[in-house]
Amino acid sequence: MLWRDRLWMKHRHKGDYDFCPLCYAPIKWVYDGVDWIPCDQEPVLIYPHQGKEKAVIRRELLFDCKLYSQGIMPNLRPVEALRPHVFTCHELKK
Ligand SMILES: [Zn+2]
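Let me sum up the structure you'll find in this document. (Residues numbered from 1 in each chain as written. Predicted model: local features only at pLDDT ≥ 70, side-chain atom pairs only at ≥ 80, totals over all residues. Heavy atoms only, no water.)

What follows deals with the overall build of the protein chain. Along the backbone of the protein chain there are zero helices and six strands. When the helices and strands of the protein chain are listed from N to C terminus, the series reads β-β-β-β-β-β. When its C-alpha atoms are laid out on the principal axes, the protein chain stretches across 50 × 30 × 20 Å. When each of the 94 residues of the protein chain is scored for burial, the buried share is 35%. Taking all contacts inside the protein chain whose residues are at least 6 apart in sequence as the whole, residues at least 24 apart take part in 46%. Accessible surface for the protein chain amounts to roughly 6500 Å². Of this, 53% is attributable to carbon and sulfur atoms. (Helix = DSSP H or I, 4+ residues; strand = E, 2+ residues; numbered from the N terminus. Buried < 20%, exposed > 50% of the residue type's maximum accessible area, 1.4 Å probe, protein only. Contact = heavy atoms within 4.5 Å. Areas by Shrake-Rupley, 256 points an atom, 1.4 Å probe, with all protein chains shown as cover.)

Laid out in structure tokens, this is it:
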């Protein structure tokens, strides 16, 4: 098997590339104060503290988010967040 570099949830050092080495999706590196988190470049809307999805809000990785979809929580306002690419990469899901 051919060895290829891959992204992890957190990196000690910022990668010197701005795309996923597996699927070539554009990556935005977010520094949380300790580690670098490679995220999808496009923000998504989420509800914090409502589910089990991981997302980065204001440089903080949360483990209890729910992805927004219209009408699921009509009384809550969703917020913009970035998703760590390890959870969206279709090559890593294979
Ligand atoms: Zn990828």
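Moving on to the coordination of the zinc ion. Of the protein atoms, only Cys-20 (SG), Cys-23 (SG), His-85 (NE2) and Cys-89 (SG) coordinate the zinc ion, at distances of 2.1 to 2.4 Å. Its four donor atoms give the zinc ion angles of 99 to 120 degrees at the centre, a pattern that matches the tetrahedral case. (Donors = N, O, S within 2.8 Å, 3.2 Å for Na, K, Ca; no water. Tetrahedral: all angles 85-135°; square planar, octahedral: opposite > 155°, others 65-115°.)

Turning our attention to the packing of aromatic side chains. Counting across every chain of the model gives four aromatic pairs. Measuring from centroid to centroid gives 4.8 Å for Tyr-31 and Trp-36, while their planes differ by 35 degrees, and the two rings are tilted. When the ring centre of Trp-8 is taken as origin, the NZ or CZ atom of Arg-6, which lies over that ring, is 3.7 Å away. A cation over a ring is seen here: Lys-54 above Phe-87, with NZ or CZ 4.8 Å from the ring centre. (Phe/Tyr/Trp six-rings, centres within 6.5 Å; stacked < 30°, edge-to-face > 60°. Lys NZ or Arg CZ within 6 Å of the ring centre and 35° of its normal.)

Next up on the list: the environment of Pro-84. Among the secondary structure elements, Pro-84 is positioned in the segment after strand S6 (79-81). Other than its neighbours up to four places away in sequence, Pro-84 contacts Ile-37, Pro-38, Cys-39, Lys-54, Ala-55, Val-56 and Leu-61.

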